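# Survey of secondary and tertiary structure
Okay, here's what each chain looks like letter by letter:
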Amino acid sequence: MRKILLSVGMLWMACTMAWAQQAMPATEFMQTISADDFKAHLYFLADDLLEGRETGERGQHLAAIYIRAQFMRLGLKPGNIQDDTYFQKYYLNRTKIKDVKMTIDGVEMTYPKDFVTASGGVAEKLDGEMVFAGYGIETADYNNLEGLEIEGKIAVAMLGRPDNMEKPTSRFAFVETLRKRKQALEEKGAKAVVMVVPDSTYKVIRRYARRSSISISGEKIQGPTGIYLSQTAASQFLPSKKMDMAGIQAALNTSAEVPNLKFKKKKFALESEVEMTSKEASNVLSVLEGTDLKDEYVVITGHYDHVGTDKDGVVYNGADDDGSGTTAVLEIAEAFVKAAEAGNRPRRSIIFMTVSGEEKGLLGSEFYTDNPIYPLEQTVTNLNIDMIGRIDNRYAEKEDARNYVYVIGSDKLSSDLHAIHEEANKQYTNLTLDYKYNDENDPNRFYYRSDHYNFAKNKIPIIFYFNGTHVDYHKPGDDPYKIEFEKAAKIAQLAFVTAWEVANRDERPVVDKEDNR
């Protein structure tokens, strides 16, 4: 018994010593994140010189150059190991449809009552042979595309899935499904994709469709065409004489083999007048290589773009949104570098990434997760920082107005990450962690509105740090002199110590929850 007690006591002492050894350098280096340093970065990033940092414009490129210079000053390696640069470049494609006409099997479809175009544009003139691709699903257990000749044809697919296939519970899941199905058919060589969607879903798509749209790509746009067609409109040509729409769906429920609808006799024709432009944008990233677990990655993000200027040339500086998050990434990077220089290099590698295109629809982070430089399966956590420099109305009159942060998403995928974060805050920063906007019924739906979401949808545990909106949100008054620099620095310290704990633990945070919102 005495030996057992001694063993338990020794184990407790060893754990305590291990925590103390880890906590001491974390405490030391989190103090390097200061209000003064925060101010120095932010007053440049939110200066009129950068013209509101709109994605693809001069000000965004100037901000990117500044961020690169800071990474280089710290001695951080270029994060884009594919071409040894600090930039992951992509193109922001704008398409403006002036006129569009489409006929299928001689039936004229009306825009936007019957169809709308997907983001990414529409070809000026297109015709060809049609092929029916069922639901457009290609998995090991259910494959509609096997044996189909899709190359060079107009692929027609229906939004849906067999009754025995698990359905996502998110009311926005159809957006991701549409994108993936369209991409799969394009990879098979389809020169256009027509997605047939239920009328209720089409109403949602039509509501958000615009004649002017934005998309992203790795190269300048070539005029790919994606079309969303209402089921009512499709019923005019999709059924064969022997099989109506319900019959087609019933057949697809029992077999992945696509019914033969003899589409070779169907003719598709589209003519449009469009304006298409492409502007180069980029994510800016660097890497601090870890030690024994260097092939696992903690990604720290903030978006450095904002909304530019208005029609009168008034600059929207975006000091809080998201100059504050961008500055936090730079400050956290410096803290990790100083720790590494003092002999406390993290075990896992840390990716410091400022993304662009957030204000256009989370485009930069979407491009990264669609084209990851570091394997997503080896990415253990994303900490995203977006607006941490102001005080919202809920806290304006409270005693701890400068000591809170809204925490979103920490418990959605990983109980481990949530517990790590809570303990890190308790040990190091003692901020008020407010989970108001973490509620799945919150009407603001902030969980979907910043760059962490593109990691979360890939089952990577995330935390989103946020201070809430304020009177200057997306207004010209979001200026650096209004920033609470001590508050912002303290939240950045919390993100740093959380990253420190995740990077140095033996085990990565376990994904033990299924977030289907």
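These figures come from a predicted structure and were not determined experimentally. (Residues numbered from 1 in each chain as written. Predicted model: local features only at pLDDT ≥ 70, side-chain atom pairs only at ≥ 80, totals over all residues. Heavy atoms only, no water.)

### Concerning the nonpolar core
The criterion, for reference: Nine residue types can take part in a nonpolar core, namely buried Ala, Val, Leu, Ile, Met, Phe, Trp, Tyr and Cys, and a core is a set of them joined through side-chain atoms within 4.5 Å. Burial classes follow relative accessibility: with a 1.4 Å probe on protein chains only, a residue under 20% of its type's maximum area counts as buried, one over 50% as exposed, and anything between as partly exposed. In this text, helices come from DSSP runs of H or I with a minimum length of four residues, and strands from runs of E with a minimum of two, each type numbered from the N-terminal end. Any two residues having at least one pair of non-hydrogen atoms within 4.5 Å are treated as being in contact.
Grouped together as the largest cluster of nonpolar side chains are 65 residues, with contacts concentrated most on Phe71, Ile300, Ile332, Phe336, Phe352, Tyr465 and Phe496. Residue contributions to this core peak at 13 residues, all from helix 12 (residues 485-504). For phenylalanine 336, the contacting residues outside a window of four places in its chain are Leu288, Ile300, Pro346, Ile350, Phe352, Phe496, Ala499 and Trp500. Core analysis: the next-biggest nonpolar cluster, separate from the first, contains 52 residues, Met109, Ile137, Ala234 and Met245 among them.

### A closer look at the confidence of the model for the chain
Note the threshold: Note: pLDDT gives the predictor's confidence per residue, expressed from 0 to 100.
Across the chain, the average pLDDT comes to 89, with 89% of residues at 70 or higher. Predicted confidence for residues 1-6 stays below pLDDT 50, and this span has zero contacts to residues more than four positions away or in other chains. Within the model, the stretch residues 8-20 combines pLDDT values under 50 with four contacts to residues more than four positions away or in other chains.

### Some points on helix 8 (residues 319-341)
Quick note on the threshold: Expected span, for any helix, means 1.5 Å times one less than how many residues it has.
Here helix 8 spans 31 Å end to end across 23 residues, near enough to the 33 Å set by a 1.5 Å rise per residue. Extensive coverage of helix 8 is indicated by the burial of 21 of its 23 residues. In the stretch just after helix 8, glycine 343 is the one whose phi turns positive, near 95°.

### Considering the environment of proline 112
Assignment of secondary structure puts proline 112 in the loop between strand 3 (107-109) and strand 4 (115-117). Spatially, the C-alpha atom of proline 112 lies 8.6 Å from that of alanine 209, the residues being 97 residues apart in sequence. Excluding residues that lie within four positions of it along the chain, proline 112 makes contacts with Tyr202 and Arg206.

### Looking at the pattern of salt bridges
Cut-off, in case you're wondering: Any carboxyl oxygen of Asp or Glu that lies within 4 Å of a side-chain nitrogen of Lys or Arg is treated as forming a salt bridge with it.
Per the counting criterion, the structure on display carries 21 salt bridges. For arginine 94, the salt bridge is made with glutamate 54, and the minimal N-O distance between the two is 3.7 Å. One end of the pair, arginine 94, is in strand 2 (residues 87-104); the other, glutamate 54, is in the loop between helix 2 (35-45) and helix 3 (58-73), and 40 residues separate them in sequence. Take glutamate 54: its relative accessible area is 18%, and that puts it in the buried class.

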